[in-house]
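Reading the structure
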Amino acid sequence: MNKSVRKAVIAGNWKMNMTPSEAEKLVNELKPMVEGKNGCDIVVCVPFVDIATVVNAVKGTNVKVGAQNVHFKKNGAYTGEISADMLKECGVEYVVIGHSERRQYFGETDETVNLRLKAALDAGITPILCVGEVLTEREQDVTAEVVARQTKIALLDVDADAVKNVIIAYEPVWAIGTGKTATSDQADEVCGIIRDVLAAKYGKDVAEAVTIQYGGSMKPDNAAELLSKYHVDGGLIGGASLKAADFTAIVDAAQ
Ligand code: PGA
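The paragraphs below set out a description of the structure included in this document.

Conventions and cut-offs
Residues numbered from 1 in each chain as written. Predicted model: local features only at pLDDT ≥ 70, side-chain atom pairs only at ≥ 80, totals over all residues. Heavy atoms only, no water. Phe/Tyr/Trp six-rings, centres within 6.5 Å; stacked < 30°, edge-to-face > 60°. Buried < 20%, exposed > 50% of the residue type's maximum accessible area, 1.4 Å probe, protein only. 1 Å grid on protein atoms, 1.4 Å probe; cavity = no way out; pocket = protein on both sides within 12 Å on 5 of 7 lines; lining within 4 Å. Points joined across faces, edges and corners; volume = space filled by probe spheres on them. Helix = DSSP H or I, 4+ residues; strand = E, 2+ residues; numbered from the N terminus. Nonpolar A, V, L, I, M, F, W, Y, C, P; charged D, E, K, R; others polar. Near = heavy atom within 4 Å. Polar contact = N/O pair within 3.5 Å; in protein donor to acceptor, adjacent residues only side chain to side chain. Areas by Shrake-Rupley, 256 points an atom, 1.4 Å probe, with all protein chains shown as cover. Expected span 1.5 Å × (residues − 1). Contact = heavy atoms within 4.5 Å.

A few words on the packing of aromatic side chains. A complete count under the given rule lists 2 aromatic pairs for this structure. Ring geometry for Tyr105 versus Phe106: centroids 6.3 Å apart, planes at 90°, classification edge-to-face. Using a relative accessible area of 55% as the deciding quantity, one classes Tyr105 as exposed. Residue classification places Phe106 among the exposed positions, given a relative accessible area of 54%.

Put into structure tokens, the structure is as follows:
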């Protein structure tokens, strides 16, 4: 099977950075730099309050907009939460789900990740499902079990047609924001394990069609090597997505 059947997706995860005016400035800088670079899909996952500004700023360009979380209920008495329909109507096409920071600091569980993922799919938004082991799990050699469990539970009640619209991001927690990157072989190995989980549930053809990103200190100087690996179909980029030049260099590596 040829890796080129899958389109690479380079997604920036801005996290809790950029006020609306800062967001507008960054995205206006980015737009001309990535213009015409259609070898990958380009996404910026921005804070909720930046969505309207950024959607407006990227209209007619090849930059797409994502959110960083979504609630699993359609609507109702859930103070402070944002529904998938709200995001959809605002022009959001992607949403990060189950990021390790949400699991670590905000009590996100595999079960709520599954509910959020299904809510996004129901609204026609592409989930970017994050899975990955913490350092002690890697040291105890249980990485495969951890990512398999996270992937399986996140995809409960998701059928083969729907899973083709899911992006999975393998993000080893020990590599996020630490400057430590998984080696390209480590990234490829675990992305391959995730693809095996998909193959066992949905069959090989479906598994081969799903985009699996690597995330965790992906930068201009390591992106090409990571992206050259068979199972690595793109990147979820935190720190380096906050600088237009760095993010563009990673987009270039994916062309
Ligand atoms: P990082 O973050 O690139 O800053 O390590 C990646 C992520 O958390 O998605």
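Bringing empty space enclosed by the protein into the picture now. The final tally for this structure, using the stated rule, is 1 cavity of 30 Å³ or more. The calculated volume of the largest cavity comes to roughly 40 Å³. Taken together, Gly98, His99, Ser100, Arg103, Cys130, Val131, Gly132, Gln150, Glu171 and Val173 make up the full set of residues lining the largest cavity. Those elements giving two or more residues to the lining of the largest cavity turn out to be α4 (100-105) and β5 (126-131). For the lining of the largest cavity, a count of residues per class yields 3 nonpolar, 5 polar and 2 charged.

Let us now look at the site of the ligand. Residues in close proximity to the ligand total 13 residues, the closest being Lys15, His99, Glu171, Gly177 and Ser217. With respect to the ligand, the side chain of Lys15 contributes an N or O atom lying 2.7 Å from an oxygen atom. In the environment of the ligand, an oxygen atom lies 2.9 Å from a nitrogen or oxygen atom belonging to the backbone of Gly238. For the ligand, the accessible surface in isolation is 280 Å², of which the surrounding protein chains cover 95%.

In this model, helix α7 (residues 143-154) (12 residues) spans 16 Å end to end at C-alpha, consistent with the 16 Å of a helix rising 1.5 Å per residue. When α7 is considered as a whole, its buried residues turn out to be Thr143, Val146, Val147, Ala148, Gln150, Thr151, Ile153 and Ala154. Those residues of α7 that are buried are in contact with α4, α5 (110-122), β5, α6 (135-139), β6 (167-170) and α9 (184-202).

Another aspect to go through is unusual backbone geometry. Look at Met18: it is not a glycine, yet its phi comes out positive at around 85°. You can see Met18 is positioned in the loop between β1 (8-13) and α1 (20-34). Residues other than glycine seldom take positive phi values, yet Asp141 does so here, at roughly 65°. Locating Asp141 in the fold gives a position in the loop between α6 and α7.

The subject of this paragraph is the layout of surface pockets. What the largest pocket holds in volume is close to 470 Å³. In terms of residues, the lining of the largest pocket owes the most to one element, α4, which gives 3 residues. Across the lining of the largest pocket, the residue classes break down as 9 nonpolar, 6 polar and 4 charged. Approximately 200 Å³ is the volume found for the second largest pocket. Lining the second largest pocket are 21 residues, and of these Lys15, Gly177, Ser217, Gly238 and Gly239 sit closest to its centre.

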